[in-house]
Amino acid sequence: SRTTPSDDAAFVDLFDTFSATVYAYARRHIDADSAHDVVSEVFVAAWRRSDALPDDALPWLLVTASAVSAGTAVAGTLGAIAATVRLPPTEAMR
């Protein structure tokens, strides 16, 4: 039986072991500030799903980072587009 991250010490060990790798993975896809946010979100998810983490947690962490990074990148792109596009006012806005 392995120790799960629901044990505080095991979770700290999981974070210490893999957070830099998760950050480096996210950083390849998004900016530095967003990559820090991704690391936080990934480890919150890991904490919440600690009973479902596989023995080799790194692949799960990276898949989760990929999903969170993709959402972050899309949100950033949509925000950039919204900031540059002027739409005509709608009837409700007049």
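Residues numbered from 1 in each chain as written. Predicted model: local features only at pLDDT ≥ 70, side-chain atom pairs only at ≥ 80, totals over all residues. Heavy atoms only, no water.

Q: Even after reading the chapter, I still don't get the packing of aromatic side chains, so can you show me in this structure?
A: Each aromatic ring pair is summarised here by two numbers: the centre-to-centre distance and the angle between the ring planes. Per the counting criterion, the structure on display carries 3 aromatic pairs. Ring geometry for Phe-11 against Phe-43: centres 6.2 Å apart, planes inclined by 80°, an arrangement best described as edge-to-face. In this pair, Phe-11 is assigned in helix α1 (residues 8-27) and Phe-43 in helix α2 (residues 32-48), connecting sequence segments 32 residues apart. In this pair, the class of Phe-11 matches that of Phe-43, namely buried. Owing to a relative accessible area of 15%, Phe-11 belongs among the buried residues under this scheme. Put simply, the rings of Phe-11, Phe-15, Phe-43 and Trp-47 touch in pairs and so form one group of aromatic residues. (Phe/Tyr/Trp six-rings, centres within 6.5 Å; stacked < 30°, edge-to-face > 60°. Helix = DSSP H or I, 4+ residues; strand = E, 2+ residues; numbered from the N terminus. Buried < 20%, exposed > 50% of the residue type's maximum accessible area, 1.4 Å probe, protein only.)

Q: In this structure, what is going on with α1? I would like to understand it.
A: An α-helical segment advances 3.6 residues per turn. Residues three or four places apart therefore align on the same side. Counted at 1.5 Å a residue, the expected span for α1 with its 20 residues is 28 Å, and the 27 Å between its end C-alpha atoms agrees. Along α1, the sharpest change in direction is near 45° and occurs at Phe-18. Of all the positions in α1, only Ala-10, Phe-11, Leu-14, Phe-18, Ser-19, Val-22, Tyr-25 and Ala-26 are classed as buried. (Expected span 1.5 Å × (residues − 1). Bend = angle between axes of the 7 residues up to and from the residue.)

Q: I keep staring at the nonpolar core and nothing clicks. Help me out?
A: Membership of the largest hydrophobic core comes to 18 residues, with the highest contact counts inside it found for Leu-14, Val-22, Val-38, Val-42, Phe-43 and Leu-61. Put simply, the parts of the chain that give this core at least two residues each are α1, α2 and α3 (57-84). If near-sequence neighbours (up to four positions away) are discounted, Val-42 is found in contact with Val-22, Trp-60, Leu-61, Thr-64 and Ala-65. (Core = buried A, V, L, I, M, F, W, Y, C linked by side-chain atoms within 4.5 Å. Contact = heavy atoms within 4.5 Å.)

Q: What is the right way to read α2 from this model?
A: Counted at 1.5 Å a residue, the expected span for α2 with its 17 residues is 24 Å, and the 25 Å between its end C-alpha atoms agrees. Listed as buried for α2 are Ser-34, Ala-35, Val-38, Val-39, Val-42, Phe-43 and Ala-46.

Q: Is there a simple way to explain a negative patch on the surface in this structure?
A: Taken together, Asp-31, Asp-33, Asp-37 and Glu-41 make up a surface patch of like negative charges. The exposure class of Glu-41 is partly exposed, given its relative accessible area of 44%. (Patch = residues over 30% accessible without salt bridge, like charges linked within 9 Å, V, L, I, M, F, W, Y side chains within 5 Å. Areas by Shrake-Rupley, 256 points an atom, 1.4 Å probe, with all protein chains shown as cover. Salt bridge = Lys/Arg side-chain N within 4 Å of Asp/Glu carboxyl O. Lys, Arg positive; Asp, Glu negative; His and termini not counted. Charge placed at Lys NZ, Arg CZ, Asp CG, Glu CD.)

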